[in-house]
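Topology and contacts: notes
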Amino acid sequence: MTLRQKLLLVALCTLALPVAGWLYVRQMETLLREGQAQALVASARALARSLVVVEAPLPPAGSAWYVQQANVPITIDGYADDWASLSPWAQPLGRNAKVMFAEDDRWLYFTIDVRAPRRSRADASDRLALSADHLILSIASNEDAQRYLLASAAPGATTAIALDPEAGVLPDRLNAQWQEDGGGFRAELKLPRGLRLDRFGVGVHLAGDAEPLSADNRPLLEFSPSLSQELARLAPDGVRVRVLSPDAWLMAQTGRLTLPDTPASEQPGWFPSLVYRSLLATRLDDNAAWTEDAPKIDLPEVREALSGKPATAWRAGEARGSVVLAAAMPITQGGKLHGVVLLEQPSRAVPLLANRALFGLLLTSFAVLLIAGGVLLLFATRLTFRLRRLRNAAERAQDNDGKLDGPFPLIDATDELGDLARSFSRLFDVVGGYTDYLRTLASKLSHELQTPLAIVKSSLDNLDHAGLPPEAEPYLARARDGVARLGALVRAMSEASRMERAIASAEAEDVNLVDVVRGCAEGYRSLAGERHIAVELPDAPVHMHVSPELIAQALDKLFDNALSFTPTDGWMRIALRVTADGADVELANQGPPLPAAMQGRLFDSLVSLRDKTTPGEAPHLGLGLYVVRLVAERHQGSASARNIDDGVAFTLHLKGLPRQRLA
């Protein structure tokens, strides 16, 4: 990973700022919600107390039957088709029966659905009716009450017979319908509204059950316009108020969920609304369960209020970008629970304030992030550029054997990179001086050793003429041999010094490298013996401005080196390849691989991989590959060596000599 990428990652740490701001805005939105919820709960508490104080017609405490409004005309036929729209709010009677009540302007309708797998049938007038499947219905109007026996021996029309015919003004018989299916039976009847019934009781007696399913006379509840008028007088503005019975049935309602008129410019669009619901709103309930058309609002908040505790809930509003706060407060009178008052207040203020705060924070945060990232990127770019200058200078110095081609960069800087540059500069000065010393060591030694060698040689000649005993002759011969070898070393070092000067002063000309390499290769065949030499040359001429004598001399050194390591039946390959900036001359041979530790030092002076010479042989000083490197550098190129399959390849990369300008 580059330095710029690392600093860019550091810049991304500033993302913690918008994240922290987002958490802060969420906390602020939660506090705004809590404050608004507390205010609405206080309004609901005050409204519940006001309803008790003004003696509004509150629903009675305890269980009751709720009478729904008939949306379509109901035909008394014992079938459930007319009750389909009301069936979601059927009222249970035990586990196996459901009861529904409905009314219109003239009639009060009643139906019951009983699930009974085994049946026992008898008409209501039959003396065995009480031991068969039957219903006991109880109705009451003010002080008058009557009980009826409803049973049927077959599906169809039937009659409910009064059990106390002399009890009051209520009718003695009620017309009804009785229908059956494979899982039970259904009974249906209607009563005139003029009876002004206020209580109703149901008992289900099945022949196979020991205990009947029964409900005592319960009050009949319906939507109360008078209670709605009282609510409209007490309800605060901009709030929808509903009063629910202890069973969560809707008893009264007033107000609508209308938002105050706001300019179109201040109304949130779809994107701020999406941001609020996705990032800020902690929890919003489903809006469908709060519909005003439902006769029963059985929600967790309502159930909590029915248990005696106030409850609040937030949900998404119908208008875009709005929310609705609902508060449920129990209505108690004389220690009894008479229902729940439910307040709902729409608002755009909380989402609007939260969105404004969030967008302002995000814009500021991202602006800071962009500025910080840009500054860090510029700093990283400048730092990378300075480090790259140091690297390039160090690589050039390495290519020049520690010699700098000018002042080391950044040595005038006052920061840590300046200290590093000055340290590198001093290091390369030392390395360059030591390299110059090593390069001139051979010429110095050859010059200094001439006189001592002459003295030793003349002394040995004098000893030879002085007449030594025979036993001293072997020692004198060894001394002469050592002087001869030392003289060869001195001459070789002198030759290397002269070679350096000759290479530096060589003149260049335009030649075809193909002809130079082909001529050298043909001359080597007679020297290779049984070794096979392969030559790979391009078809087209390769014209370059070079010194052909130096290139031939470098190839001679490479061939001499390869010849000493190639087996007598081995192979050698000479190739010339054109490159983008010059040409490569490669000489490969079969033989042992290069040691990994020596690959970087093969072309240094006085370095050799040959075994120690035997007595009588001239020592090998390792100057051949050094001359190859000097030739490559003179042609602005380089020399390299690498291991290949079953051998070694030496490459001479040439770019050509610079052309001399005429004065």
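First, a word on what this report is: a plain description of the structure on this page. All values derive from a computational prediction rather than experimental measurement. Along each chain, residue indices are assigned from 1 in the same order as the chain's sequence is written. Per-residue local features are limited, in this predicted model, to residues with pLDDT of at least 70; the limit for side-chain atom pairs, both in listing and counting, is 80 or more; totals at the level of whole chains, interfaces and linings are taken over all residues. Note that water and hydrogens are dropped before the side-chain values are worked out from all heavy atoms of the structure.

**A look at a nonpolar patch on the surface**
Any residue with relative accessible area above 30% and no salt bridge may belong to a patch, with like charges joined within 9 Å and the nonpolar Val, Leu, Ile, Met, Phe, Trp and Tyr side chains within 5 Å. A 1.4 Å probe and the Shrake-Rupley method give the accessible areas. Residues count as covered only by the protein chains that appear here. By salt bridge we mean one thing: a side-chain nitrogen of Lys or Arg within 4 Å of a carboxyl oxygen of Asp or Glu. Together, L9, L12, L15 and F366 line one region of the surface with nonpolar side chains, adding up to about 340 Å² of accessible area. Each helix is a run of H or I in the DSSP string that is no shorter than four residues. Each strand is a run of E no shorter than two, and both are numbered from the N terminus. Of note, L15 is situated in the loop between α1 (3–12) and α2 (16–53). Buried, partly exposed and exposed residues are distinguished by accessible area as a fraction of the type maximum, computed with a 1.4 Å probe on protein chains only: under 20%, between the cut-offs, and over 50%, respectively. Owing to a relative accessible area of 34%, L15 belongs among the partly exposed residues under this scheme.

**Remarks on the sheet that holds strand β15 (residues 323–333)**
The sheet built from 5 strands is open, its strands ordered β13-β12-β16-β15-β14 with antiparallel pairing. The sheet is open, and its two edges are formed by β13 (250–254) and β14 (311–316), each paired on a single side. Neighbour to neighbour, the strand axes of the sheet diverge by 20 degrees on average, direction disregarded. The rule for pairing is simple: two strands pair if DSSP sees at least two bridges between them. Pairing of strand β12 (residues 240–244) with β13, which is carried by 4 bridges, proceeds in the antiparallel orientation. When the bridges of β13 are listed, V243 appears paired with A252. Contact between two residues is taken to exist if any of their heavy atoms lie within 4.5 Å; hydrogens are not considered. What counts as an axis is a line fitted to C-alpha atoms, over the stretch in contact for a helix, and the angles between N-to-C directions run from 0 to 180 degrees. Contacting β12 and β13, helix α3 (residues 225–234) runs over the sheet at an angle of about 40 degrees to β13.

**Here we look at the packing of aromatic side chains**
For any two aromatic rings, the description comes down to two numbers: the centre-to-centre distance and the angle of the planes. Only rings of Phe, Tyr and Trp enter the pairing, Trp through its six-membered ring, and a pair is recorded when the two centres are within 6.5 Å. The plane angle decides the type: under 30 degrees is stacked, over 60 is edge-to-face, the rest tilted. Throughout the structure, instances matching the rule amount to 10 aromatic pairs. Ring centres of F101 and F110 lie 5.2 Å apart, and the angle between their planes is 45 degrees; on these two criteria the pair is classed as tilted. With relative accessibility at 1%, the residue F101 sits in the buried group. Centroid distance F408 to F424: 6.1 Å. Interplanar angle 50 degrees. Geometry classified as tilted. Note that F408 is positioned in the loop between α6 (349–399) and α7 (416–466) and F424 in helix α7, a separation of 16 residues in sequence. For F408, a relative accessible area of 3% gives the class buried.

**A word on α3**
Listed as buried for α3 are L227, S228, E230 and L231. Buried positions in α3, seen along its axis, are confined to an arc of 160 degrees and lie on one side of it. Facing away from the buried side of α3, by more than 90 degrees, are the exposed residues P225, Q229 and R233. Along the arc lie the directions from the helix axis toward the C-beta atoms.

**Points about the environment of P225**
Inspection of the secondary structure assignment puts P225 in helix α3. Its relative accessible area of 53% is what places P225 among the exposed residues. Between the C-alpha atom of P225 and that of Q253, which follows or precedes it by 28 residues, the distance is 8.4 Å.

**Points about the packing of helix α10 (residues 548–565) against helix α11 (residues 624–634)**
As a packed pair, α10 and α11 sit with axes 9 Å apart at the nearest point and diverge in direction by 150 degrees. Classified by the angle their axes make, α10 and α11 are roughly antiparallel. The two elements α10 and α11 cross, and the hand of that crossing is left-handed. On the side of α10, the interface is formed by L550, I551, A554, K557, L558 and N561, while α11 contributes G624, L625, V627, V628, V631 and R634. By residue class, the composition of the contact of α10 with α11 is 8 nonpolar, 2 polar and 2 charged. In what follows, roughly perpendicular refers to angles from 65 to 115 degrees, roughly parallel to angles under 35, roughly antiparallel to angles over 145, and oblique to any angle outside these ranges. Here is the rule for handedness: rotate from the far helix to the near one, and if that takes an anticlockwise turn smaller than a right angle the crossing is left-handed, while a clockwise turn gives right-handed. Nonpolar residues are Ala, Val, Leu, Ile, Met, Phe, Trp, Tyr, Cys and Pro. Charged residues are Asp, Glu, Lys and Arg, and all others, Gly as well, are polar.

**Thoughts on the nonpolar core**
Counting residues in hydrophobic clusters, the biggest one holds 46 residues, and the most contacted among them are L513, L576, F603, F650 and L652. Setting aside residues up to four positions removed in sequence, L576 forms contacts with L513, V514, V517, E536, L537, P538, V542, A583, D584 and V585. Only buried residues count toward a nonpolar core. Its members are Ala, Val, Leu, Ile, Met, Phe, Trp, Tyr and Cys residues joined through side-chain atoms within 4.5 Å. In this structure, A37, L51, L231 and A313 belong to the second largest nonpolar core, which totals 42 residues.

**Considering the environment of S63**
Looking at the secondary structure, you find S63 in the loop between α2 and β1 (65–69). Owing to a relative accessible area of 42%, S63 belongs among the partly exposed residues under this scheme. Taking the C-alpha atoms as reference points, S63 and L220, 157 residues apart in sequence, are found 9.7 Å from one another.

**A look at the pattern of salt bridges**
According to the stated counting rule, one finds 24 salt bridges in the structure shown. Ionic pairing is found between R119 and E180, a salt bridge with its closest N-O pair at 2.9 Å. Of this pair, R119 sits in the loop between β4 (107–115) and β5 (134–141) while E180 sits in strand β8 (residues 173–181), and the two are 61 residues apart along the sequence. A salt bridge links R233 to E230, with the shortest nitrogen-to-oxygen separation between them at 1.9 Å. Linking R233 with E230, this pair stays in helix α3, spanning 3 residues, or about one helical turn. When its relative accessible area of 56% is taken as the criterion, R233 is described as exposed. By relative accessible area, which is 16% here, E230 ends up buried. Look at the salt bridges and you will find they share partners, linking E536, R573, R577, E586 and R642 into a network.

**Notes on the pairing of strand β23 (residues 647–654)**
Among the 8 residues in β23, 8 count as buried, and that is most of the element. Burial along β23 is two-sided: G647, A649, T651 and H653 facing one way and V648, F650, L652 and L654 facing the other are all buried. Note that strand β21 (residues 582–590) and β23 share 8 bridges and pair antiparallel. Across the sheet, residue D584 finds its bridge partner in β23, namely H653. Two successive antiparallel strands, strand β22 (residues 638–644) and β23, enclose a turn made up of 2 residues, where D646 displays a positive phi of approximately 65 degrees.

**As for the sheet that holds β22**
Taken in spatial order, the 5 strands make up an open sheet running β18-β20-β21-β23-β22, and their pairing is mixed. Two strands in the sheet have a free side with no partner beyond their single neighbour: β18 (532–536) and β22. With strand direction ignored, the average angle separating the axes of adjacent strands in the sheet is 15 degrees. The sheet contacts of α10 involve β18, β20 (571–579), β21 and β23, and relative to β21 the element is tilted by about 20 degrees. Across the face of the sheet, α11 comes into contact with β22 and β23 while running at roughly 30 degrees to β23.

**Things to note about unusual backbone geometry**
Phi is positive for A248, close to 70 degrees, though the residue is something other than glycine. Positionally, A248 belongs in the loop between β12 and β13.

**Describing the environment of V99**
Structurally, V99 can be placed in strand β3 (residues 97–103). Owing to a relative accessible area of 0%, V99 belongs among the buried residues under this scheme. Spatially, the C-alpha atoms of V99 and W65 are 8.8 Å apart, while their sequence positions differ by 34 residues. Leaving out residues up to four positions away in the same chain, V99 has contacts with W65, A90, Q91, L93, F110, T111 and I112.

**Some thoughts on helix α9 (residues 513–528)**
To estimate how far a helix should reach, multiply one less than its number of residues by 1.5 Å. Counted at 1.5 Å a residue, the expected span for α9 with its 16 residues is 22 Å, and the 22 Å between its end C-alpha atoms agrees. For α9, the complete set of buried residues consists of L513, V514, V516, V517, C520, A521, Y524 and A528. Projected down its long axis, α9 carries its buried residues within an arc of 155 degrees, all on one side. If you follow the buried residues of α9, they end up packed against β17 (509–512), β18, β19 (543–546), α10, β20 and β21. Following α9 by one or two positions, G529 adopts a phi angle in the positive range, close to 70 degrees.

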